Amino acid sequence: MTVAMTDDGPGPWVRRRPTPMQHAVRSLWFFLAWVALGRVGLVDLVAGLVTSVVVAPISLRLLPPAAGRRRVTALGVFVLHFVRRSFASGIDVAWRVMDPALPLAPGMLAVECGLPPGLARQAFAATISLQPGSLPVGEEADALLLHALDLDGPVLEALDADLVVFLDALGQGEAAHGEGDRRG
């Protein structure tokens, strides 16, 4: 394999070997998931420890750590933003159910999120799907297709805010986030 070197080192497309710390962190996450499933007996803990140590290298090979660094504070901001938006959206939907006189303008729209097809876009779509009032129903090459309860409301502005916080949590800042009218 030929690696193009620059002053900054190998490009982002070069797969680097996971460090021992990455192995340890991934093993710890698997072990915590094991314990969260309710396995806390001595034999279960030993089995969970062995399993997490064996599975971590496989996991790192199949899903290597991203080059960007995750910031814990940005992740906390994302969680708080998500909970606040979910709560507010749930209240809005409940209010509309209880008062049918409130206007609704349901419809479909294409939202250019600036994320390439793949894991990050799917995670963003899953995040949107957990918030009442909008539901991803598909995707195009450069956009997510969404159903929204009220296209006359601030749907795009809310999604822009969600995307900014989501990208910050991924360590990508405001990467590839375009402006303009994105309704399809």
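The structure under discussion appears in the preceding block.
Along each chain, residues carry numbers from 1 onward, in the same order as the chain's sequence is written. Only residues with pLDDT of 70 or above have their local features reported here, since the model is predicted, and side-chain atom pairs are shown and tallied only from 80 upward, although totals for entire chains, interfaces and linings are computed over all residues. Excluding hydrogens and water, the side-chain figures rest on all heavy atoms present in the structure.

**A few points about the pattern of salt bridges**
In what follows, salt bridge is the name for a side-chain nitrogen of Lys or Arg lying within 4 Å of a carboxyl oxygen of Asp or Glu. According to the stated counting rule, one finds four salt bridges in the structure shown. Arg-85 is the partner of Asp-162 in a salt bridge, and the nearest nitrogen-oxygen pair spans 3.0 Å. Placement of Asp-162 in helix α5 (residues 155-170) and of Arg-85 in helix α3 (residues 72-98) is noted, with a sequence separation of 77 residues between them. The class of Arg-85 is buried, set by a relative accessible area of 16%. In this structure, Arg-96 engages Asp-150 in a salt bridge whose closest nitrogen and oxygen atoms are separated by 3.1 Å. Of this pair, Arg-96 sits in helix α3 while Asp-150 sits in the loop between β5 (144-148) and α5; the two residues are 54 residues apart in sequence, bridging distant segments of the chain. Asp-150 carries the same exposure label as Arg-96, and that label is buried. Overlapping salt bridges bring together Asp-92, Arg-96 and Asp-150 as one network. In this description a helix means any DSSP run of H or I spanning at least four residues, a strand means any run of E spanning at least two, and both kinds are numbered starting from the N terminus. Type-normalised accessible area, obtained with a 1.4 Å probe on protein chains alone, sets the label of each residue: buried when under 20%, exposed when over 50%, and partly exposed for intermediate values.

**Considerations on a nonpolar patch on the surface**
On the surface, Leu-42, Val-46, Val-50, Val-54, Ile-58, Leu-62, Leu-63 and Leu-119 cluster together into a nonpolar patch covering about 840 Å² of accessible area. Element by element, the count of residues in the nonpolar patch is highest for helix α2 (residues 42-62), at six residues. Within the element layout of this structure, Val-46 appears in helix α2. Residue Val-46 is classed as partly exposed on the basis of its relative accessible area of 46%. By definition, no residue in a patch forms a salt bridge, and every one has over 30% relative accessible area; like charges are joined within 9 Å, nonpolar side chains (Val, Leu, Ile, Met, Phe, Trp, Tyr) within 5 Å. The method behind every accessible area is Shrake-Rupley, applied with a 1.4 Å probe, and residues are considered shielded solely by the protein chains displayed.

**Comments concerning the packing of aromatic side chains**
Note on aromatic contacts: the rings of Phe and Tyr and the six-membered ring of Trp form a pair at centre separations within 6.5 Å, being stacked when their planes are under 30 degrees apart, edge-to-face when over 60 apart, and tilted otherwise. Under the definition given, this model contains three aromatic pairs. The interplanar angle of 25° and the centroid separation of 6.3 Å between the aromatic rings of Phe-78 and Phe-82 together place this pair among those described as stacked. With Phe-78 and Phe-82 both in helix α3 and four residues apart, this pair spans about one turn of that helix. On the basis of an interplanar angle of 65° and a centroid distance of 5.9 Å, the ring pair of Phe-78 and Phe-166 is categorised as edge-to-face.

**Digging into the sheet that holds strand β4 (residues 134-139)**
One open sheet accounts for three strands, arranged β3-β5-β4; its pairing is antiparallel. In this open sheet, the two strands that pair with only one neighbour each are β3 (107-111) and β4. Sheet twist, expressed as the mean angle between neighbouring strand axes with direction ignored, is 30°. The rule for pairing is simple: two strands pair if DSSP sees at least two bridges between them. Inspection of the sheet shows β3 paired to β5 by five bridges, in the antiparallel sense. If you follow Met-108 over to β5, its bridge partner there is His-147. Where helix α4 (residues 119-129) meets the sheet, its contacts fall on β4 and β5, and the angle it forms with β4 comes to roughly 150°. Helix axes are fitted only over the stretch in contact, all axes being lines through C-alpha atoms; the angle between N-to-C directions runs from 0 to 180 degrees. Contacts are assigned to residue pairs with any non-hydrogen atoms lying within 4.5 Å of each other.

**Quick word on the layout of surface pockets**
There is about 350 Å³ of room inside the second largest pocket. In this structure, the second largest pocket is lined by 18 residues; those nearest its centre are Arg-85, Ser-89, Asp-92, Pro-132 and Val-155. Listing elements by their share of the lining of the second largest pocket, those giving two or more residues are α3 and α5. Sort the elements by how many residues they give to the lining of the second largest pocket and α3 lands first, with six residues. Polar here means any residue other than Ala, Val, Leu, Ile, Met, Phe, Trp, Tyr, Cys and Pro, which are nonpolar, and Asp, Glu, Lys and Arg, which are charged; Gly is therefore polar. Considering only residue class, the lining of the second largest pocket consists of nine nonpolar, five polar and four charged. Using protein atoms alone on a 1 Å grid, points that fit a 1.4 Å probe yet trap it form a cavity, whereas open point sets bounded by protein on both sides within 12 Å along at least five of seven lines form a pocket; residues with an atom within 4 Å of a point count as lining. Grid points are joined across faces, edges and corners, and a volume is the space filled by probe spheres set on the points.

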